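Spelled out, the chains give:
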Amino acid sequence: MNVRGKIAEITVEFHMLDLATLVLTLIWGAAIGCIYVLLATGLNLIFGVMKLVNFAHGELLMIGAYVGYSILTLTGVNAYIAVFLSMAIVALIGVAVERLAFRRVLGSDKLNEIFVSLGLILIFDNIAVLVWGEKSKRIISPFENMSLTLGEISISYDWLIAVIFVIVILIALMFLIKKTKIGMAMRATSQKSQAAKLMGINIEHIYIFTFALGAALAGAAGVLYGIIFNFNPYIGALPTIKAFAIIILGGLGSIPGAIIGGLLYGIAEQTAVITLGGIWRNAVAFSVLIIVLVLRPKGLFGEKGE
Amino acid sequence: MFTKEIILRRIQSTKFYILIAVIAISTVIPLVAGDPFLIHVLTLMALFTIYASSWNLLASSGQGSLGHAAFLGIGGFVSSLLAINLGIPPIIGIFMGSVFSAGIGFLIGLTCVRLKAWFLAMVTFGFSVIAETLVSQFDDVTHGILGFRTPLLVPSGLSFYYFAVLLATLSVIVIYFIMKSKIGLTFRAIHQNESESKMIGINTAKYKLYAFVISTFFAGLAGGLYAHFLRYINVTVFAADNSFTPLMMSVIGGLGTIEGPIIGSIIIVAIESYLPIMDNLLDPVLGSLFPEVSFVGPYLRFLGLGVFLVVVVIFLPKGVSSLIPKIHNYFRAETKKANNIERK
């Protein structure tokens, strides 16, 4: 079941302009948006606490997809259990990245973070090619080719499960941030790291934890992405940019903003693909990004943004 | 702005002698070793010197662009299309291409000057993707998807090489004077602390826009030269690789210095041109370790470049060019020590 094929089918149907297509566009847009929401939330968390922008965040998604793929081929577990294993492994990779690379440029020139990210993109891309090859792969889910049919609309189970997964993960994250001690420490560090330090919070540990958490979200997004789309070692860059577009839509540092932004963005992208053609899929991200930045540099919902 | 005195002082500086030496060496090398591949590589070095210097000028004002390939591509496409459709000689066309590129740079700059570093990086990157999409979309005008053969600028080989060196030298000199002037000082002030620059009365938006326009002009110039050098252009010129290359060159060479992009482009072009020769040796040794890929060489090279970039940023923030004064001082200290021992 190829997504591109499905989209082509829809493009044909769209000219008939029926309601079912419109509903499907909205649902697919929302489902695609959900995966980007995970990535955007991870970026937002890391930015909020560490004031660091990780341009290589999409590479963690790519690595997450491959880790999920390897777990599946090596152990044969259910693809949706692989999501959790992949989260754990990508979190560890995140810790390594934070300790070895970003920690050392934190607080220096902002451009240095961009340069380190670019180096990391090169490193991750080419490690992935060397280990897993250049051919595109897909994670086979247990619900392959199954879909829920409601009248004229049929929705693949994988899309629905992806949406449910994202909702569960986001609720768990909200709980972690609002109700637990470490979440409180993260919020304190985010507000004023020096004061948090004086209150006895080990901000180094908070940084590691935050980065690992952001990486874990990217890992989860990666496996879900791999179930729905084909992936290759070079898919990382575009999701990063889309996540950025979402963050800008929703306002920097705001998690509810990222969720609304993600859904809006997914729907906008899907609508553009159907009305303008697949060639516009990626240009939409940037058009949204640039238009929003021109009209409202702080994002649609952002108040305190940078 | 440039009084005679200032120009004289510049001429007497060490950098000026180094510049003369570099020009002299680059003029003599092809005469000594006339290998066509070497000339090809040297021409690429000259081209990328212009391109990386233009990126570096923009970065010196604190604006790190991730989409400079857009301007490289615009310069190349405008110059080649003008030559093919209107018969404008490429030697004029490359400058028209740069002016057009600077015009687009001005428009993009209007948005970008208000943005923080990471948003700017994203927007410029996005602009290169939009440019790529537009060129593919209007294929009947641009012929971008399949590409086309570009007309001859100057005869290829040695004469193109000298032309490229001439333009590279002129560009570097112009960028040098800009960076040493009051404008360049303002760029550095904005880079160090934008809000404080604003407080002392600098119109930061205006100066950042200057940086954008000047930088995209030279990027367009490099693009025109590049298109006529390869004798072929298509939409892949907008690829992200082309946006990252000038960044890597400037950062590895030394960000914000005049010699950084030159050293960086020599290093990177040399790596990309001469290391593939080793691929055949590398493959039998490492090929069995990575069964998924047929040729390990290119990937290992890019991996190495990534590690190189990260290591330089972390351990050598001022780039490879910052090693030169260190080595110089070290030898001076050594000779002094030796002299002291002799005296005793």
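Here's what I pulled together on the structure shown here. (Residues numbered from 1 in each chain as written. Chains lettered and ligands numbered in written order. Predicted model: local features only at pLDDT ≥ 70, side-chain atom pairs only at ≥ 80, totals over all residues.)

**Things to note about the pairing of strand E1 (residues 147–150) of chain A**
- Pairing analysis gives 4 bridges linking E1 of chain A to strand E2 (residues 153–156) of chain A, with the strands arranged antiparallel. Within E2 of chain A, the residue paired with Thr149 of chain A across the bridge is Ser154 of chain A. (Pairing = 2+ DSSP bridges. Helix = DSSP H or I, 4+ residues; strand = E, 2+ residues; numbered from the N terminus.)

**Considering the interface of chain A and chain B**
- At the junction of the two partners, chain A supplies 39 residues and chain B supplies 39 residues.
- Only helix H4 (79–105), helix H5 (110–132), helix H10 (237–250) and helix H12 (281–295) of chain A provide two or more residues apiece to the side of chain A that touches chain B.
- Broken down by element, the side of chain A that touches chain B gets its largest block of residues, 17 residues, from H5 of chain A. (Contact = placed C-beta atoms within 7 Å.)

**Focus on unusual backbone geometry**
- A positive phi is found at Lys51 of chain A, a non-glycine position, where the angle reads about 55 degrees.
- As for its position among the elements, Lys51 of chain A is in the loop between helix H2 (19–50) and helix H3 (57–75).
- C-beta crowding within 10 Å serves as the criterion here: with 15 such atoms nearby, Lys51 of chain A is assigned to the partly exposed category.
- Look at Arg231 of chain B: it is not a glycine, yet its phi comes out positive at around 60 degrees.
- As for its placement among the helices and strands, Arg231 of chain B is situated in the loop between helix H11 (204–230) and strand E2 (232–233). (Buried ≥ 20, exposed ≤ 12 C-beta atoms within 10 Å, placed from the backbone.)

**Here we look at the environment of Ile268 of chain B**
Residue and element names in this part refer to chain B.
- By the secondary structure assignment, Ile268 is in helix H13 (residues 260–274).
- It is 35 Å that separates the C-alpha atoms of Ile268 and Ser195, two residues lying 73 residues apart in sequence.
- Ignoring anything within four residues of it in the chain, the contact list for Ile268 reads Thr245, Met248, Met249 and Ile252.

Taken by themselves, the reported measurements are silent on function.
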